[in-house]
Amino acid sequence: MATEEESKPLNYIPEVVLKKRRNNEEWAIRRKLQLEERVKRLKSDNFIIKKPQQFIREYRDKELDLIQMKQRGKRKRPALVTPKSKLLFIIRIGGKQDMHPKTRKVLYSLRLRKIFSGVFVKENEAIMEHLQKVEPYVTYGYPNLKSVKDLIYKKGVAKINKERFPLTDNNVIEQALGEHGIICIEDIVNEITSVGPHFKEVANFLRPFNLNKPEKALQGKKRRFKDGGDSGNREDQINELISKMN
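None of these values were measured; they are calculated from a predicted model.

**Focus on the overall build of the chain**
Next up, step 1: Of the regular secondary structure elements, the chain holds nine helices and seven strands.
Next up, step 2: Buried positions account for 35% of the 246 residues belonging to the chain.
Next up, step 3: For the chain, the proportion of contacts with a sequence separation of at least 24, taken over those separated by at least 6, is 71%.
Next up, step 4: A total of about 17,200 Å² of accessible surface is found on the chain, and carbon and sulfur atoms cover 52% of it.

So, in structure tokens, the structure goes:
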């Protein structure tokens, strides 16, 4: 009796599995292309492979920066006298690879995360202590009414729930600061200039100002301004620098 082999059933692959395979294959192709593109960028002329000597030099520079920061922190500060204004404007003018992480932390506590960014602060002992520690990387002074108005009107940006809002809509200002009686941009200027009772809320409402790199106004010298350098206290002369960077 002749026997016939029963035909074997075809393996059935669910459509969901097939779709998943296709997606995985497409992802693998995209990933491969991304890696190839990254390798091309790394091999480009703009990519520089650091030599061991460079890492050693950078490490030494950072350690030296930490030592100098501690020395500056111990330096006796002149007693605070009552200035014409309690308002300070601080501009970060330096700090890259040679900066120790602890120095960077102090700058970040002042909200100065980028070079050529600026913030309004109220002068007090704690602020002056911070400024002394990071003195080579900042310059500061007493802004006048014109400088405050120009900065806020030209470069003022609000920060609400980590989002940016231009100061073109008084409704945004009123919603954020209305409980303090501040409902428009003129109120912001007045509160900052006078270092009013709600100065802290208004200063934090404003994002750090992104300033322009000044032409020939900064020489790249870490010496103090009074010694012919760029950093440290410029007092009223900060207004001249603000006008060149705004």
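That shown, we press on.
**Concerning the nonpolar core**
Next up, step 1: In terms of nonpolar packing, the biggest core is built from 32 residues, with Ile-91, Phe-120, Ile-152, Ile-188 and Ile-192 touching the most fellow members.
Next up, step 2: At the level of secondary structure, the elements contributing two or more residues to this core comprise β1 (87-92), α5 (145-155), α6 (170-177), α7 (185-194), α8 (199-205) and α9 (238-245).
Next up, step 3: Residues in contact with Ile-91, not counting those within four places in the same chain, are Phe-116, Ser-117, Gly-118, Tyr-137, Val-138, Thr-139, Leu-211, Ile-238, Leu-241, Ile-242 and Met-245.
Next up, step 4: Counting residues in each nonpolar core, the second largest holds 17 residues, with Val-106, Leu-112, Val-121 and Tyr-137 among its members.

**Remarks on the packing of aromatic side chains**
Describing an aromatic ring pair means giving the distance of the ring centres and the angle of the ring planes.
Next up, step 1: For the structure shown, the criterion picks out three aromatic pairs.
Next up, step 2: When the centroid spacing of 5.4 Å and the interplanar angle of 85° are considered together, the rings of Phe-120 and Phe-209 count as edge-to-face. Pair noted here: Phe-120 is in strand β2 (residues 117-122) and Phe-209 is in strand β6 (residues 209-210), with a separation of 89 residues, a long-range link. Of the two residues, Phe-120 and Phe-209, both sit in the buried class.
Next up, step 3: Ring-pair connections join several aromatic residues into one group, and the members of that group are Phe-89, Phe-120 and Phe-209.
Next up, step 4: In this structure, Arg-113 is placed above the aromatic ring of Tyr-108, and the distance from its NZ or CZ to the ring centre is 3.9 Å.

**Side note on the sheet that holds β1**
Next up, step 1: The mixed open sheet is built from five strands, whose spatial order is β6-β2-β1-β3-β7. Looking at strand neighbours, the two that pair on one side only are β6 and β7 (232-235), the edges of this open sheet.
Next up, step 2: The sheet contact formed by strand β3 (residues 138-141) and β7 spans three bridges and is parallel. Its bridge partner lying in β7, Gly-141 is registered against Glu-235.

What counts, and where the lines are drawn
Residues numbered from 1 in each chain as written. Predicted model: local features only at pLDDT ≥ 70, side-chain atom pairs only at ≥ 80, totals over all residues. Heavy atoms only, no water. Helix = DSSP H or I, 4+ residues; strand = E, 2+ residues; numbered from the N terminus. Buried < 20%, exposed > 50% of the residue type's maximum accessible area, 1.4 Å probe, protein only. Contact = heavy atoms within 4.5 Å. Areas by Shrake-Rupley, 256 points an atom, 1.4 Å probe, with all protein chains shown as cover. Core = buried A, V, L, I, M, F, W, Y, C linked by side-chain atoms within 4.5 Å. Phe/Tyr/Trp six-rings, centres within 6.5 Å; stacked < 30°, edge-to-face > 60°. Lys NZ or Arg CZ within 6 Å of the ring centre and 35° of its normal. Pairing = 2+ DSSP bridges.

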